Amino acid sequence: MMPARVKYRKMQRGNRAGMASRGNQVAFGEYGLQSLERCWLDTKQIEAARVAISRHMKRRGKVWIRIFPDKSFTKKPLETRMGHGKGGVESWVAVIRPANILFEVDGVPEALARESLRLAATKLPIKTKFISRHKVG
């Protein structure tokens with residue numbers, strides 16, 4: 001996962017402070033996985049979580065990925081001296097703040113959705129919470 005085109009290839013690190021003001025409600029499905037910490041989620045981590053959800057649900061129901069890695073992450077080669085500019089683009093990341101909805105599922109019983117999202121949460125480097133659209137908690 002990465003953007004098709006970007007105006008500038010290399011981005012600044014930006015600010016991860018604060019809570020998520022958008023993407024913090026279950027909008028499409030019945031159940032969701034909500035972040036409780038802040039981080040940069042890599043494309044490989046997002047894909048590993050998506051595969052875990054779809055495998056456990058055995059392709060029943062529907063899965064929405066509510067995050068997209070649209071920020072480039074640069075890194076200089078190992079054992080390189082200082083200077084010579086910014087490093088090359090290493091990967092793409094999604095900026096995650098507390099309260100972001102990461103994944104949503106629908107069309108499956110709550111027990112199956114809860115277990116699928118729990119398996120996905122084990123693939124992620126942050127604490128998460130299972131939430132439902134109608135029940136608060």
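Since this is a predicted model, take the numbers as computed values, not measurements.

Draft legend 1. View of the nonpolar core. Grouped together as the largest cluster of nonpolar side chains are 23 residues, with contacts concentrated most on L41, I96, L102, F103, L117 and L124. Counting residues per element, the ones that place at least two in this core are β1 (31-35), β2 (39-42), α1 (43-57), β5 (88-96), β6 (101-106) and α2 (110-122). Looking at this core element by element, the count peaks at 5 residues for α2. When neighbours within four sequence positions are excluded, L117 is seen to be in contact with Y31, G32, L33, I53, F103, V105 and F130.

Draft legend 2. Highlighting the packing of aromatic side chains. Under the counting rule described, the total for this entry stands at 3 aromatic pairs. When the centroid spacing of 5.7 Å and the interplanar angle of 75 degrees are considered together, the rings of W40 and F73 count as edge-to-face. Highlighted residues: W40 in strand β2 and F73 in strand β4 (residues 71-75), separated in sequence by 33 residues. Since its relative accessible area comes to 18%, W40 is described here as buried.

Draft legend 3. Main features of unusual backbone geometry. Look at R59: it is not a glycine, yet its phi comes out positive at around 60 degrees. Among the structural elements, R59 can be located in the loop between α1 and β3 (62-65). One non-glycine residue, H84, lies in positive phi territory at about 60 degrees. If you trace the backbone, H84 turns up in the loop between β4 and β5. Overall, H84 belongs to the exposed group, its relative accessible area being 77%.

Draft legend 4. Here's a closer look at α1. Taking 1.5 Å as the rise per residue, α1 with 15 residues should run 21 Å; its terminal C-alpha atoms sit 21 Å apart, in good agreement. Of all the residues in α1, the buried ones are T43, I46, A49, A52, I53 and M57. Looking at the buried side of α1, the elements it contacts are β2, β3, β5, β6 and α2. Two residues or fewer after α1 comes K58, characterised by a positive phi angle close to 50 degrees.

Draft legend 5. Spotlight on a nonpolar patch on the surface. Residues M1, I65 and F68 make up a contiguous nonpolar surface patch of roughly 250 Å² in combined accessible area. For I65, the position within the fold is in strand β3. You can call I65 partly exposed: its relative accessible area is 32%.

Draft legend 6. Spotlight on the pairing of β5. Where β2 lies against β5, 4 bridges are found, and the strand directions are antiparallel. Within the sheet, the bridge partner assigned to W40 lies in β5 and is V95. Pairing of β4 with β5, which is carried by 5 bridges, proceeds in the antiparallel orientation. When the bridges of β5 are listed, S72 appears paired with W92.

About the thresholds
Residues numbered from 1 in each chain as written. Predicted model: local features only at pLDDT ≥ 70, side-chain atom pairs only at ≥ 80, totals over all residues. Heavy atoms only, no water. Core = buried A, V, L, I, M, F, W, Y, C linked by side-chain atoms within 4.5 Å. Buried < 20%, exposed > 50% of the residue type's maximum accessible area, 1.4 Å probe, protein only. Helix = DSSP H or I, 4+ residues; strand = E, 2+ residues; numbered from the N terminus. Contact = heavy atoms within 4.5 Å. Phe/Tyr/Trp six-rings, centres within 6.5 Å; stacked < 30°, edge-to-face > 60°. Expected span 1.5 Å × (residues − 1). Patch = residues over 30% accessible without salt bridge, like charges linked within 9 Å, V, L, I, M, F, W, Y side chains within 5 Å. Areas by Shrake-Rupley, 256 points an atom, 1.4 Å probe, with all protein chains shown as cover. Salt bridge = Lys/Arg side-chain N within 4 Å of Asp/Glu carboxyl O. Pairing = 2+ DSSP bridges.

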